[in-house]
Amino acid sequence: MAPLLWHYRLVASNDLDRLARTAYEAHRGAQSGSLPSWEDTSDQEKKAWRAAVSAVTGAGESTLMEAPAAHSIVVQAGDQVRTFHTEFTAGRQGSLVVNDEHASSHHALFQLAHGYWFVQDLGSTNGTWLNNRRMYAAQRLKKGDKIKIGRTIVVVVSAT
């Protein structure tokens, strides 16, 4: 299974250094080569990670967890329109059932993180596509996005 958006749930500090370190360690863990530990990185690299985290959280915002959360996502797959308030899977046996022989049992994961809805492929055979591009990592969703699961198109009607 592909890595989930765990870092959006665990990061809950207004300390910029802690956020930068957490982001760096997540990046380090995702790399196939070896990167130095946070303690062994240069001051210049630490400064760059702090700047990146600052750009994401914005000046004066306290935490990623406390960002305004989206409450629901409405999706349409064929004739069915469904509203979800928590994470769900789409596929032949998912919470959003996709009756498509080209879809995997649990094909894609939709989850709420940092106040936005994301979708990610769950290692499906045919991949998950967002707006005609194959996804290799979790992608943020917005109204009107088209997610292809097997040969079925799932449209984001709204994400609030």
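Look up: the structure comes first, before these words.
These numbers were taken from a predicted model, which means no experiment stands behind them.

Caption draft 1: Broad picture of the side chain of S72. Take S72: it is sitting in the loop between α3 (43–57) and β1 (73–77). Residue class for S72 comes out buried when judged on its relative accessible area of 11%. Excluding anything up to four places from it in sequence, S72 contacts T83, F84, H85, W117, S158, A159 and T160.

Caption draft 2: The arrangement of unusual backbone geometry in detail. Even without a glycine there, the phi angle at N131 is positive, about 50°. Mapped onto the fold, N131 is located in the loop between β7 (128–130) and β8 (133–134). Although it is not a glycine, N132 adopts a positive phi angle of roughly 70°. Residue position: N132 is located in the loop between β7 and β8.

Caption draft 3: Just the nonpolar core, in detail. Counting residues in each nonpolar core, the largest one holds 20 residues, and the members touching the most others are I73, F110, L141, I147 and I149. When residues of this core are traced back to their parent elements, those giving at least two are β1, β3 (88–91), β5 (108–113), β6 (116–121), β10 (146–149) and β11 (152–159). Broken down by element, the residue count for this core peaks at 3 residues, all from β1. Among all residues touching I149, those that are not within four sequence positions of it are A90, V98, D100, A103, H107, A108, F110, T128 and V154.

Caption draft 4: Fine view of the pattern of salt bridges. Tallying each qualifying case throughout the model produces 2 salt bridges. Two residues, R21 and E39, come together in a salt bridge whose shortest N-O distance is 2.5 Å. Of this pair, R21 sits in helix α2 (residues 16–30) while E39 sits in the loop between α2 and α3, and the two are 18 residues apart along the sequence. Judged by its relative accessible area of 36%, R21 is partly exposed. Owing to a relative accessible area of 45%, E39 belongs among the partly exposed residues under this scheme. The salt bridge partner of D145 is K142, with a shortest N-O separation of 2.9 Å.

Rules used throughout
Residues numbered from 1 in each chain as written. Predicted model: local features only at pLDDT ≥ 70, side-chain atom pairs only at ≥ 80, totals over all residues. Heavy atoms only, no water. Helix = DSSP H or I, 4+ residues; strand = E, 2+ residues; numbered from the N terminus. Buried < 20%, exposed > 50% of the residue type's maximum accessible area, 1.4 Å probe, protein only. Contact = heavy atoms within 4.5 Å. Core = buried A, V, L, I, M, F, W, Y, C linked by side-chain atoms within 4.5 Å. Salt bridge = Lys/Arg side-chain N within 4 Å of Asp/Glu carboxyl O.

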